[in-house]
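Here is how the chains run, residue by residue.
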Amino acid sequence: MDIKNEAVREYLEEGKSYRELSKKYGVTRTTLNKWVLVHQGIHNLPQCHKQVSYDLQQKNWVTNLNSQLRSINLIWKRRLRCWRNNLNGKSCEAWRLIP
């Protein structure tokens, strides 16, 4: 059995992760993913329990949450920079910019 078929079999039947198989066979996880998708398409197999598909509402929720987290991260970066400046005797207006 060739490497491709063996890796696909281990993923689908034994539930091994792409990371494990990547290390074992010396190929990237992206390559493994493509092999699995092609194999499933050729043999008309359904997705396994590891292959989750999300609806548009879930994708939008994650996108919005990611955007909010980036904003919060930016605020904390400004606060940290301001705190460092205060330690060095410099003033900072960043505290007032935060809602």
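See the structure printed just above.
Notes on the structure follow.

Quick notes on the rules
- Residues numbered from 1 in each chain as written.
- Predicted model: local features only at pLDDT ≥ 70, side-chain atom pairs only at ≥ 80, totals over all residues.
- Heavy atoms only, no water.
- Helix = DSSP H or I, 4+ residues; strand = E, 2+ residues; numbered from the N terminus.
- Expected span 1.5 Å × (residues − 1).
- Buried < 20%, exposed > 50% of the residue type's maximum accessible area, 1.4 Å probe, protein only.
- Arc of directions from axis to C-beta.
- Contact = heavy atoms within 4.5 Å.
- Axes fitted to C-alpha atoms, helices over the stretch in contact; angles between N-to-C directions.
- Parallel < 35°, antiparallel > 145°, perpendicular 65-115°, else oblique.
- Core = buried A, V, L, I, M, F, W, Y, C linked by side-chain atoms within 4.5 Å.

**What about helix α3 (residues 29-42)?**
- For α3, built from 14 residues, the straight-helix expectation of 20 Å at 1.5 Å per residue is met to within 8% by its first-to-last C-alpha distance of 20 Å.
- All of the buried residues along α3 are L32, W35, V36 and Q40. Buried residues of α3, viewed axially, fall in a sector of 125°; they line one side. Away from its buried face by more than 90 degrees, α3 exposes K34, G41 and I42.
- For α3, the elements touching its buried residues are α1 (3-14) and α2 (18-25).

**Regarding the packing of α2 against α3**
- Direction vectors running N to C along α2 and α3 enclose 110°, while the axes themselves pass 9 Å from each other. Here α2 is positioned roughly perpendicular relative to α3, judged by the angle of their axes. Each of Y18, R19, L21 and S22 in α2 lies in contact with α3, whose residues at this interface are R29, L32, N33 and V36.

**A look at α2**
- Those residues of α2 lying buried are Y18, L21, S22 and Y25. Buried residues along α2 cover an arc of 105° about the axis, so they all sit on one side. Looking at α2, the residues exposed on the side facing more than 90 degrees away from the buried face are K23 and K24.
- For α2, the secondary structure elements touched by its buried residues are α1 and α3.
- Positioned one or two residues after α2, G26 has a phi angle of 70°, which is positive.

**Remarks on the nonpolar core**
- With 11 residues, the main nonpolar core is built from A7, V8, Y11, Y18, L21, Y25, V27, L32, W35, V36 and C48.
- Of all the elements in the fold, those that place two or more residues in this core are α1, α2 and α3.
- Those residues in contact with Y25, other than ones at most four positions away along the chain, are I3, E6, A7 and E10.

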